[in-house]
Amino acid sequence: MVDSKVLALIQRGVEISCPQSVEIDAEIDPQRISPAGVRIHTGCRILGRDTLIASGARIGTEGPATVENCFVGPGVELKSGYFKGAVFLEKASLGYASHIREGTILEEQASTAHCVGLKQTILLPFV
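Computed from a predicted structure; not experimentally measured.

1. Observations regarding the overall build of the protein chain
So, step 1. Check the secondary structure of the protein chain and you find one helix and 16 strands.
So, step 2. In terms of overall dimensions, the protein chain is globule-like: its C-alpha atoms have a radius of gyration of 13 Å, near the 14 Å expected for 127 residues.
So, step 3. Structurally, the protein chain occupies a C-alpha span of about 40 × 20 × 20 Å along its principal axes.
So, step 4. With 127 residues in all, the protein chain has 42% of them scored as buried.
So, step 5. Once local pairs closer than 6 in sequence are excluded, the contacts in the protein chain between residues at least 24 apart make up 4%.
So, step 6. Surface accessibility of the protein chain: about 6,100 Å² in total, with carbon and sulfur atoms responsible for 51%.
So, step 7. For the protein chain, the centre of its 12 positive side-chain charges and the centre of its 14 negative side-chain charges are spaced 1 Å apart.

2. Examining the pairing of strand 7 (residues 65–68)
So, step 1. Neither face of strand 7 is exposed, since Ala65 and Val67 on one face and Thr66 and Glu68 on the opposite face are all buried.
So, step 2. Summarising the sheet, strand 7 and strand 10 (residues 81–84) pair through four bridges and their orientation is parallel. Following the sheet pairing, Glu68 is matched in strand 10 by Lys84.

3. Focus on the sheet that holds strand 15 (residues 117–118)
So, step 1. With respect to topology, six strands assemble into an open sheet ordered 2-4-7-10-13-15, the strand pairing being parallel. Edge positions in the open sheet fall to strand 2 (23–24) and strand 15, since each of these has one partner strand only.

4. Let's talk about the packing of aromatic side chains
So, step 1. All told, the structure shown has one aromatic pair when counted by the stated rule.
So, step 2. Each ring, one from Phe83 and one from Phe88, has its centre 5.9 Å from the other, and the planes form 90°; the classification is edge-to-face.
So, step 3. Residue class for Phe83 comes out buried when judged on its relative accessible area of 0%.
So, step 4. On the basis of relative accessibility, which here comes to 0%, the residue Phe88 falls in the buried class.

5. Overview of the side chain of His41
So, step 1. Here His41 lies in the loop between strand 3 (39–40) and strand 4 (45–47).
So, step 2. Excluding its chain neighbours within four sequence positions, the residues that come into contact with His41 are Ser17, Val22, Ile59, Gly60 and Thr61.

6. Section: helix 1 (residues 4–12)
So, step 1. Between the side-chain oxygen of the N-cap and the backbone nitrogen of Lys5 there are 2.9 Å, and the N-cap of helix 1 in question is Asp3.
So, step 2. At the exit of helix 1 stands Gly13, carrying a positive phi of roughly 115°.

Rules and cut-offs
- Residues numbered from 1 in each chain as written.
- Predicted model: local features only at pLDDT ≥ 70, side-chain atom pairs only at ≥ 80, totals over all residues.
- Heavy atoms only, no water.
- Helix = DSSP H or I, 4+ residues; strand = E, 2+ residues; numbered from the N terminus.
- Rg over C-alpha atoms; globule rule 2.2 N^0.38 Å.
- Buried < 20%, exposed > 50% of the residue type's maximum accessible area, 1.4 Å probe, protein only.
- Contact = heavy atoms within 4.5 Å.
- Areas by Shrake-Rupley, 256 points an atom, 1.4 Å probe, with all protein chains shown as cover.
- Lys, Arg positive; Asp, Glu negative; His and termini not counted.
- Charge placed at Lys NZ, Arg CZ, Asp CG, Glu CD.
- Pairing = 2+ DSSP bridges.
- Phe/Tyr/Trp six-rings, centres within 6.5 Å; stacked < 30°, edge-to-face > 60°.
- Polar contact = N/O pair within 3.5 Å; in protein donor to acceptor, adjacent residues only side chain to side chain.

Encoded structure:
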């Protein structure tokens, strides 16, 4: 059975590859997740009323990802891991098994490799 929040996102046009495996928190406002090119992959959890996901974002491309109270900008790719209270600006990319915590900002096109943990960190554009 597919959760009503997941169904609401699918109906808006968000691409969810395996709806039965995705958890969308009851606090999530579906209007804060863009339907334009957003893809949420298998095993992902989207949590927190402050979460906002912009157009073209891809969540969980290399494994399960938990996104809690984050700003996920346009074209951002969160490959897998845990992301809480962070800001990811346009085309930022985070590798497999990332652990990104409160106060972290990745500016435009900043990226990390696999298994990186950040807390209260700012990466400037193109880092």
